[in-house]
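Examining the three-dimensional arrangement
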Amino acid sequence: MTREDLAFMSTCEQARLLRERKISPVELVEIYLERIHRFNDRLHAFITVCEDEALRQAKTAEAELSSGKVRGPLHGIPVGLKDQIFTKGVRTTGGSRIQPDFVPDEDATIVTRLKDAGAIIIGKQNLDELALGGTIEFPYGRPCNPWNLEYSATGSSGGSGVATAAALCSASIGQDAGGSIRRPASFNGCVGLRPTQGRVSRYGKYQAGSITGTLGPMTRTVEDCALLTEVIAGEDPRDAVTTSVPVPPYCKLLQGGVQGMRFGVLREFMDEESVDSEVRGTVLAALSVLEGQGAELRELSIPHVRLASKIGLAGNEGPSPLLLRWVRTKPELLDYGARVRIITNSVIPTPVKQMAQRAKAYVRREVLEAIRDVDAVLYPTHPVPPAPAGREGHRFTSVADVRDRMFGRRNHTLLAPLVGAPAISIPCGFTEKGLPIGLEILAWPFREDLLFRVAYAYQQVTDWHKRRPPI
Amino acid sequence: MRIRGKDGIAITNEETVLLAQLAGIDLREPELSDVRYRLLAIFEVAEEIEGIFGDSLDHVDPIPVLLPQEVKR
């Protein structure tokens, strides 16, 4: 087995080999540090690499294994974090120049849980500034798609998607308010989960201003995603949105198969007019695979899901006081894209927000009613393939420009946050140009177990997730 | 909701600057035009939402998180 084979190995397999002492935590950390040194100048996946601390932790983990101590299921596993998540003693830039040397004095809850499970934090990953999306000039370099460096890695968890897909770490944690985990997972060819709102603590991160922002794993396999979710999920007294709904043993529930399961195929997100033909064909082929495994496909129509991006934009809660303070006092330190988004969100009149927020609650009820009789809903994660880099951050020059770029295409990933439901993106194929395509699966709130079961069944009979980017 | 000028939905640069001032933000070009276009698009959305849902939104609470009864299946 080569060092590259070890780097691309699944987290679950690495964890098993670590426990059996067939590989060592130091060896694994060194492999990833070497890859970061080799590729990060091109990929811009990491902002900060915790080289010394990761090696120190790896040596501790190795000593513990030697004495028979296993901290938890991630013992010795190198994990990367979107640099929006607070890490005690490690600078947290938020992908911004606004306070580049900010060093939190405590860990986010999710970081504590990862460390308690034995994970080693290998570094902090690049993102759209303050996780707002639409960054034009990335202060730490634009994350590049490992399948073609000229193409978009998208965001806002772009660095996390790139680092995971290119095996610069074993797994990553991103954040998703409107698709910021699932779209980079789709574009870069990895698995990304947006958990149910309230499933994972949000305590200890830059809050871009939206209550819908949810932390979640980005991994190379579905099994890894289930494992990390088991570790990070659960009630947190420091985040009032989290709930006491028990966290199931996701890894033990993976193998039920899809025989007899009912899947809704969302007509509004599969139509020929709005979905690219390559994406549509690839997702239809993925649906056939699941049908071949015994699942029942039903067409589902919920016309108002076409409003998801409009409702999300008009009904956003506005910027946090911190972001507002920064745009008032230090606007020159913010990228143009972040500045304009913060200002726009600050000046949307309350009656408009109120109407959009009511529409959101109305459509949420409609969607929950419509999906009551299916186990999951399936559609492309994004209706078009990755575009050449640099097209997402944009200065609008007309209202029509806003309509074209801000609405429509974002409907797919904005459905889950609109509903509060969990959704996962998994690789399901490639375009002719060799760029990944993602299948999104959405389930009833707190039914991440169903997502994992469906996605795992798919990965058992396909090999898209095993392909390696040509970096 | 009607946010209209003589040529349809409208907000001027001056009005956009005033809105920003109310939030304590000094808004100038090139951000000013960009923000104004975004606002206009959002006002269109508000009209569209009102046209689609009308009075049915009167009895909906705009609660941003899932309600316990919504989680029950």
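The present account deals with the structure reproduced in this document. (Residues numbered from 1 in each chain as written. Chains lettered and ligands numbered in written order. Predicted model: local features only at pLDDT ≥ 70, side-chain atom pairs only at ≥ 80, totals over all residues. Heavy atoms only, no water.)

**Side note on the overall build of chain A**
Scanning chain A from terminus to terminus reveals 16 helices and eleven strands. By the compact-globule yardstick of 23 Å for 471 residues, chain A fits well, its C-alpha radius of gyration being 21 Å. Overall, the C-alpha framework of chain A stretches about 60 × 60 × 45 Å when taken along its three principal axes. When the 471 residues of chain A are sorted by exposure, 65% land in the buried category. A fraction of 79% describes how many contacts in chain A between residues 6 or more apart in sequence connect residues 24 or more apart. As displayed, chain A offers around 16,100 Å² of accessible surface, 48% of which is attributable to carbon and sulfur atoms. Counting 58 positive and 54 negative side-chain charges, chain A places the centres of these two groups 3 Å from one another. (Helix = DSSP H or I, 4+ residues; strand = E, 2+ residues; numbered from the N terminus. Rg over C-alpha atoms; globule rule 2.2 N^0.38 Å. Buried < 20%, exposed > 50% of the residue type's maximum accessible area, 1.4 Å probe, protein only. Contact = heavy atoms within 4.5 Å. Areas by Shrake-Rupley, 256 points an atom, 1.4 Å probe, with all protein chains shown as cover. Lys, Arg positive; Asp, Glu negative; His and termini not counted. Charge placed at Lys NZ, Arg CZ, Asp CG, Glu CD.)

**Notes on the overall build of chain B**
Per the secondary structure count, chain B includes three helices and two strands. From first element to last, N terminus to C terminus, chain B shows the α and β order β-β-α-α-α. Considering only contacts in chain B between residues 6 or more positions apart, those separated by 24 or more positions represent 50%. A total accessible area of about 4,100 Å² is found for chain B, and carbon and sulfur atoms account for 52% of it.

**Things to note about the pattern of salt bridges**
All names here are of chain A. Applying the stated criterion across every chain yields a total of 29 salt bridges over all chains. Here Arg 468 makes a salt bridge to Asp 5, at a shortest N to O gap of 2.9 Å. Here Asp 5 lies in helix α1 (residues 3–8) and Arg 468 lies in the segment after α16 (448–460), a separation of 463 residues in the sequence. The partly exposed category is assigned to Arg 468, whose relative accessible area is 35%. Through salt bridges with shared partners, a single ionic network connects Glu 13, Arg 16, Glu 20 and Lys 22. (Salt bridge = Lys/Arg side-chain N within 4 Å of Asp/Glu carboxyl O.)

**Looking at the interface of chain A and chain B**
Often the size quoted for an interface is simply the accessible area lost on bringing the parts together. Opposite the 59 residues of chain A that make contact, chain B presents 43 residues. For the pair chain A and chain B, the summed buried surface comes to about 4,400 Å²; carbon and sulfur atoms form 69% of the total. For the pair chain A and chain B, the number of links is four salt bridges. Counting the contacts that link chain A with chain B gives 13 residue pairs in polar contact (both at pLDDT 80 or more). The set of elements that each furnish at least two residues to the side of chain A that touches chain B consists of α10 (308–314), α11 (321–329), α12 (336–347), α13 (350–370) and α14 (399–406) of chain A. (Buried area = accessible area lost by both parts, 1.4 Å probe. Polar contact = N/O pair within 3.5 Å; in protein donor to acceptor, adjacent residues only side chain to side chain.)

**Quick look at empty space enclosed by the protein**
All names here are of chain A. According to the stated counting rule, one finds two cavities of 30 Å³ or more in the structure shown. Taken as a whole, the largest cavity holds about 100 Å³ of empty space. What lines the largest cavity is a set of 14 residues, among which Phe 138, Arg 142, Ser 152, Thr 154 and Glu 392 lie closest to the centre. Here the residues of the lining of the largest cavity sort into four nonpolar, six polar and four charged. Within this model, the second largest cavity holds a volume of roughly 30 Å³. Lining the second largest cavity we find Ser 186, Phe 187, Val 279, His 382, Val 384, Pro 385, Pro 386, Pro 436, Ile 437 and Gly 438. Of all the elements in the fold, those that place two or more residues in the lining of the second largest cavity are α7 (182–188) and β11 (436–442). Considering every element that reaches the lining of the second largest cavity, the biggest residue donor is β11, with three residues. (1 Å grid on protein atoms, 1.4 Å probe; cavity = no way out; pocket = protein on both sides within 12 Å on 5 of 7 lines; lining within 4 Å. Points joined across faces, edges and corners; volume = space filled by probe spheres on them. Nonpolar A, V, L, I, M, F, W, Y, C, P; charged D, E, K, R; others polar.)

**A few points about the sheet that holds strand β9 (residues 376–380) of chain A**
All names here are of chain A. Pairing within the open sheet is mixed, and its eleven strands lie in the order β1-β3-β2-β4-β6-β5-β10-β11-β9-β7-β8. Two strands bound the open sheet, and with one partner strand each, they are β1 (46–49) and β8 (296–300). Between one strand and the next, the sheet's axes are offset by a mean angle of 30°, whatever the strand orientation. Judged from the two bridges that link them, strand β5 (residues 191–194) and strand β6 (residues 214–219) form a sheet pairing that is antiparallel. Of the residues in β6, the one forming a bridge with Gly 192 is Met 218. The strands touched by helix α4 (residues 51–66) are β1 and β3 (120–125); relative to β3, the strand with the most contacts, the crossing angle is about 160°. Relative to the sheet, helix α6 (residues 158–165) contacts β1, β2 (78–82), β3, β4 (171–176) and β6, its axis offset from that of β4 by approximately 155°. (Pairing = 2+ DSSP bridges. Axes fitted to C-alpha atoms, helices over the stretch in contact; angles between N-to-C directions.)

**Regarding the packing of aromatic side chains**
Taken as a whole and assessed by the stated rule, the structure comprises nine aromatic pairs over all chains. On the numbers, 5.0 Å between centres and 65° between planes, the contact of A:Tyr362 with B:Phe53 is edge-to-face. One end of the pair, A:Tyr362, is in helix α13; the other, B:Phe53, is in helix α2 (residues 31–53), on a second chain. Overall, B:Phe53 belongs to the buried group, its relative accessible area being 5%. Counting every residue linked through ring pairs, the aromatic cluster contains A:Phe86, A:Phe102, A:Tyr206 and A:Trp326. Positioned above the aromatic ring of A:Tyr336, the side-chain terminus of A:Arg395 is 4.0 Å from the ring centre. (Phe/Tyr/Trp six-rings, centres within 6.5 Å; stacked < 30°, edge-to-face > 60°. Lys NZ or Arg CZ within 6 Å of the ring centre and 35° of its normal.)

**Details of the packing of helix α8 (residues 222–232) of chain A against α16(A)**
Between two packed helices, the angle of one axis relative to the other and the distance separating the axes together describe the packing. All names here are of chain A. Two elements in contact, α8 and α16, have axes separated by 9 Å at closest approach and are oriented at 155°. Comparing the axis directions of α8 and α16 gives the class roughly antiparallel. Residue-level contacts link Val 222, Glu 223, Cys 225, Ala 226 and Thr 229 of α8 to Phe 452, Ala 455, Tyr 456 and Gln 459 of α16. (Parallel < 35°, antiparallel > 145°, perpendicular 65-115°, else oblique.)

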